[in-house]
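Reading the structure
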Amino acid sequence: MDIKEAQQRVDLWIKQYGVKYFSELTNTVILTEEVGEFAKIIARKYGEQSFKTKEKEASATQDLEEEMADIFFVLICLANQMNIDLNTAFLKTIEKKTIRDKDRHIMNKKLL
Ligand SMILES: [Mg+2]
């Protein structure tokens, strides 16, 4: 599935099951919530925070996948309701980063 198809699938899902898009404000809050859920797992898996149970630790990788997909879903909702073509926007970002940072990271001794 490419990004355009993902945007179409989300739009279809919203029309079929979601009734309508939440407002941009509500979806931005939900996006922040989902990023927080992702960050909570990262703090436990890669940071100093510990998991509350062994089961939670065992399912961390699967939970990270789920949270990334949740983030992507809400981001797509926002793009759809703002008429943003994420494929085009993403290609522009890659181009921008390439022009701006093509030597920056290669020259960064901290990355060696
Ligand atoms: Mg979530």
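Structure shown above.
Residues numbered from 1 in each chain as written. Predicted model: local features only at pLDDT ≥ 70, side-chain atom pairs only at ≥ 80, totals over all residues.

Structural notes on the overall build of the protein chain
When you go through the protein chain residue by residue, the secondary structure sums to 5 helices and 0 strands. Ordering the α and β elements of the protein chain from the N terminus gives α-α-α-α-α. Against the globule reference of 13 Å for 112 residues, the protein chain gives a C-alpha radius of gyration of 18 Å, more extended than a compact globule. Along the first, second and third principal axes, the C-alpha set of the protein chain runs to 45 × 45 × 25 Å. For the protein chain, with 112 residues in total, the buried portion stands at 6%. Contacts spanning at least 24 positions in sequence make up 72% of the contacts within the protein chain whose residues lie at least 6 apart. (Helix = DSSP H or I, 4+ residues; strand = E, 2+ residues; numbered from the N terminus. Rg over C-alpha atoms; globule rule 2.2 N^0.38 Å. Buried ≥ 20, exposed ≤ 12 C-beta atoms within 10 Å, placed from the backbone. Contact = placed C-beta atoms within 7 Å.)

Considerations on the packing of helix α1 (residues 3–18) against helix α5 (residues 86–101)
How two helices pack is summed up by the angle between their axes together with the distance between the axes. At a closest axis distance of 8 Å, the pairing of α1 and α5 adopts a crossing angle of 140°. Note on element contacts: α5 touches α1 through L86, N87 and F90, opposite I3, K4 and Q7. (Axes fitted to C-alpha atoms, helices over the stretch in contact; angles between N-to-C directions.)

Quick notes on unusual backbone geometry
For residues besides glycine, phi is generally negative; the peptide bonds are generally trans as well. Positive phi is not limited to glycine here, since V19 has a value of about 70°. C-beta crowding within 10 Å serves as the criterion here: with 8 such atoms nearby, V19 is assigned to the exposed category. Of note, the phi angle at N83 is positive, near 55°, even though the residue is not glycine. For N83, the location among the structural elements is in the loop between α4 (60–81) and α5.

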